[in-house]
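Summary of structural features
Single-letter residue listing:
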Amino acid sequence: MNNLLHNSQTNPEGWVTRFAPSPTGFLHLGHVASALYGWQKAQPDGEWFVRLEDIDIQRCKPAFIPAILEDLEWLGLHSGRPVLRQSANMPAYQVTLATLNAMGVLYPCFCTRSDIMRESAAIFSAPHTAPDGSLCYPGTCRHLSGQERQDRISQGQPHVLRLDMGKALQWVHQHTQGAPLTYQDQERGTVMCHPELFGDVVLARKDIPASYHLCVTHDDAAQGVTLVTRGEDLRPATDLHRVLQTLMGWSVPAYSFHPLLCNAEGRRLAKRDGALAVRAMREAGLSAEDVRCKAGFPHIFER
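In this text, all values refer to a predicted model and were calculated from it rather than measured experimentally.

Before going further, it helps to spend a moment on the overall build of the protein chain. Per the secondary structure count, the protein chain includes ten helices and ten strands. Looking at the protein chain as a whole, 48% of its 303 residues qualify as buried. A fraction of 79% describes how many contacts in the protein chain between residues 6 or more apart in sequence connect residues 24 or more apart. Accessible surface for the protein chain amounts to roughly 14600 Å². Of this, 53% is attributable to carbon and sulfur atoms.

Okay, here's the thing in structure tokens:
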């Protein structure tokens, strides 16, 4: 296994950070706050760049890409390198999936969502949810024989690929001499991970050949990100990402989480809040500084 690069809380050479929106709509104020948070962390000697997480072909629309990049430029945020589109990086993700499969930590799952809810209710009396709110899989297909799996695949039965969390954590334990799985949070210090609470997560499906968890973790390592900045809503996912990093021998960045911008009703800002789109604010006559102030970062570019 490759040596893992655990970064300390400080980086004298400057942090390498990224902003990675999904082109499912126009850039909104919540995006602006996230982008500026990462940009600020990279100053004065680090690097900030943009990556587009567009693997969900049903929700992501190419037409939004130039609009997002244009709005970022208008805000004064210039990517430090060419913009990577994850949809163009699928061969790299397939290599990762093949590696995990060869390690024996993946298995095909043929259950539908209704199957999972029914099985989960039968076992636990009510469906269990993971820390990120997703439905926990009860492990039904984990117990299928290799022959039955192959027969079903040969018959063309739809399936997803799941991470066998038990086998994955056993592998991690054996190859880290039993050291606990942790990550470094700039605000909280060392944080213990509990990926077992997520169960056997999906890493690939027919409509999305590689999951968010796999793609983002792969790309952060491949692009040399040393500080991952993300919203508090994505904190739980970090536990899963640490498993994948360890399995693949990828470098381990430090993490910093920002609070989410909320509307007057206390709900998290989302793309459905059209009035908060950067496009709408530009058309209403607001300046880039006005928008940066609304996002909570006044005078961020002043020295």
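After that view of the structure, there is still more to cover.
Direction of pairing for strand β4 (residues 106-109) relative to strand β5 (residues 160-163): antiparallel, over a ladder of four bridges. Residue L106 lies in a different strand from β5, and its bridge partner there is L163. Pairing of β5 with strand β8 (residues 202-204) involves two bridges; the strand directions are antiparallel. In the sheet register, R162 faces β8, and the bridge partner there is V202.

Here we come to the side chain of R162. For R162, the location among the structural elements is in strand β5. D200 is the oppositely charged side chain nearest to the buried, salt-bridge-free R162, at an N-O distance of 6.6 Å. Those residues in contact with R162, other than ones at most four positions away along the chain, are V105, L106, Y107, C109, I116, Y137, D200, V201, V202 and L203.

Next up on the list: helix α7 (residues 212-222). Residues three or four positions apart in an α-helix share a direction because the helix packs 3.6 residues into each turn. When you tally the buried positions in α7, you get eight out of eleven residues, the bulk of the element. H213, L214, C215, V216, T217, H218, D219 and D220 are the residues of α7 that are buried. Residue G224 follows α7 closely and has a positive phi angle near 70 degrees.

Before going further, it helps to examine the packing of helix α3 (residues 90-102) against α7. It is at 10 Å that the axes of α3 and α7 come closest, and there the two elements cross at 105 degrees. Classified by the interaxial angle, the pair formed by α3 and α7 is roughly perpendicular. Where α3 approaches α7, its residues A92, Y93, T96, L97 and L100 are matched on the opposing element by L214, C215, H218 and D219. Across the contact of α3 with α7, the residue classes break down as six nonpolar, two polar and one charged.

An order of β1-β2-β3 is seen for the three strands of this open sheet, with the pairing classed as parallel. Looking along the sheet, the strands with just one partner apiece sit at the ends: β1 (16-19) and β3 (84-85). Examined bridge by bridge, β1 and strand β2 (residues 47-52) share four bridges and lie parallel to one another. By the bridge assignment, R18 is partnered in β2 with F49.

Take the packing of α3 against helix α8 (residues 237-248) next. In the contact formed by α3 and α8, the axes pass within 11 Å of each other and the chain directions differ by 75 degrees. In terms of orientation, α3 lies roughly perpendicular with respect to α8. Residues T96, T99 and L100 of α3 form the contact with α8, whose own contacting residues are L244, L247 and M248. Looking at side-chain class alone, the contact of α3 with α8 contains four nonpolar, two polar and no charged residues.

Throughout the structure, instances matching the rule amount to zero disulfides. In this structure C111 is not part of a disulfide, and its nearest cysteine sulfur, from C141, lies 3.7 Å away.

Quick look at the sheet that holds β5 now. Across the sheet, three strands lie side by side as β4-β5-β8; this open sheet has antiparallel pairing. Both outer strands of the open sheet, β4 and β8, are each paired with one neighbouring strand and no more. Strand-to-strand twist across the sheet, computed as the mean angle between neighbouring axes with direction ignored, equals 45 degrees.

What counts, and where the lines are drawn
Residues numbered from 1 in each chain as written. Predicted model: local features only at pLDDT ≥ 70, side-chain atom pairs only at ≥ 80, totals over all residues. Heavy atoms only, no water. Helix = DSSP H or I, 4+ residues; strand = E, 2+ residues; numbered from the N terminus. Buried < 20%, exposed > 50% of the residue type's maximum accessible area, 1.4 Å probe, protein only. Contact = heavy atoms within 4.5 Å. Areas by Shrake-Rupley, 256 points an atom, 1.4 Å probe, with all protein chains shown as cover. Pairing = 2+ DSSP bridges. Lys, Arg positive; Asp, Glu negative; His and termini not counted. Salt bridge = Lys/Arg side-chain N within 4 Å of Asp/Glu carboxyl O. Axes fitted to C-alpha atoms, helices over the stretch in contact; angles between N-to-C directions. Parallel < 35°, antiparallel > 145°, perpendicular 65-115°, else oblique. Nonpolar A, V, L, I, M, F, W, Y, C, P; charged D, E, K, R; others polar. Disulfide = S-S within 2.5 Å.

What is shown is where atoms sit, not what they do.
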